[in-house]
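Chain by chain, the residues:
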Amino acid sequence: MNEADLARYLDETVDPAAAVTALPDSSLAELADALYRHLDTPNPAFGAHSWYTQVAEELQLRRLTGEGLLGGESAAQPDDLGPAGPAGQEVPAG
């Protein structure tokens, strides 16, 4: 996403809540990345932080509810395996 594409979202006439909920996951992730990079510039646009917060909350909500996830993945479950095995269980040495 380039600066011109991002500027369309940061336009004050666009409702962040409505725009964010309407985006598919891939576009939402792309917007999150663009906003994150934009916020790391010396002079981010007014409202960029609010947009980033809205996008991050929507991504979290989708992950928790399992709605609209990329590839049809289900929501994370407490017994899901992480990178080191089941949470809270020791991994045998050696």
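Because the structure is a prediction, the values reported are computed rather than measured. (Residues numbered from 1 in each chain as written. Predicted model: local features only at pLDDT ≥ 70, side-chain atom pairs only at ≥ 80, totals over all residues. Heavy atoms only, no water.)

Draft legend 1. The nonpolar core, seen in detail. Leu6, Leu10, Leu31, Leu35, Trp51 and Val55 are the most contacted members of the largest nonpolar core, which has 14 residues in total. Of all the secondary-structure elements, those providing two or more residues to this core are helix H1 (3–10), helix H2 (16–22), helix H3 (25–39) and helix H4 (48–65). Sorting elements by how many residues they give to this core places H3 first, with 5 residues. (Core = buried A, V, L, I, M, F, W, Y, C linked by side-chain atoms within 4.5 Å. Buried < 20%, exposed > 50% of the residue type's maximum accessible area, 1.4 Å probe, protein only. Helix = DSSP H or I, 4+ residues; strand = E, 2+ residues; numbered from the N terminus.)

Draft legend 2. Summary view of H4. Counted at 1.5 Å a residue, the expected span for H4 with its 18 residues is 26 Å, and the 26 Å between its end C-alpha atoms agrees. Turning to H4, its buried residues number three or more, namely Ala48, Trp51, Val55, Glu58 and Arg62. All buried residues of H4 lie within an arc of 90 degrees about the axis, which places them on one face of the element. Opposite the buried face of H4, by more than 90 degrees, sit the exposed residues His49 and Leu64. Where H4 is buried, its residues contact H1, H2 and H3. Where H4 ends, the next residue or the one after it, Gly66, has phi of about 80 degrees, a positive value. (Expected span 1.5 Å × (residues − 1). Arc of directions from axis to C-beta. Contact = heavy atoms within 4.5 Å.)

Draft legend 3. Region of interest: the pattern of salt bridges. A full pass over the atoms with the stated rule returns 4 salt bridges. Asp5 is paired through a salt bridge with Arg8; the nearest N and O atoms lie 3.2 Å apart. In this pair, Asp5 and Arg8 are both assigned in helix H1, 3 residues apart and thus about one turn of the helix distant. Take Asp5: its relative accessible area is 23%, and that puts it in the partly exposed class. Looking at Arg8, the relative accessible area reads 55%, which means it is exposed. In this structure, Asp25 and Arg62 form a salt bridge, with 2.6 Å as the shortest nitrogen-oxygen distance. Of this pair, Asp25 sits in helix H3 while Arg62 sits in helix H4, placing them 37 residues apart in sequence. A relative accessible area of 9% means that Asp25 is categorised as buried. For Arg62, a relative accessible area of 8% puts it in the buried group. Here the salt bridges share partners, and the residues they tie into one network are Asp25, Glu58 and Arg62. (Salt bridge = Lys/Arg side-chain N within 4 Å of Asp/Glu carboxyl O.)

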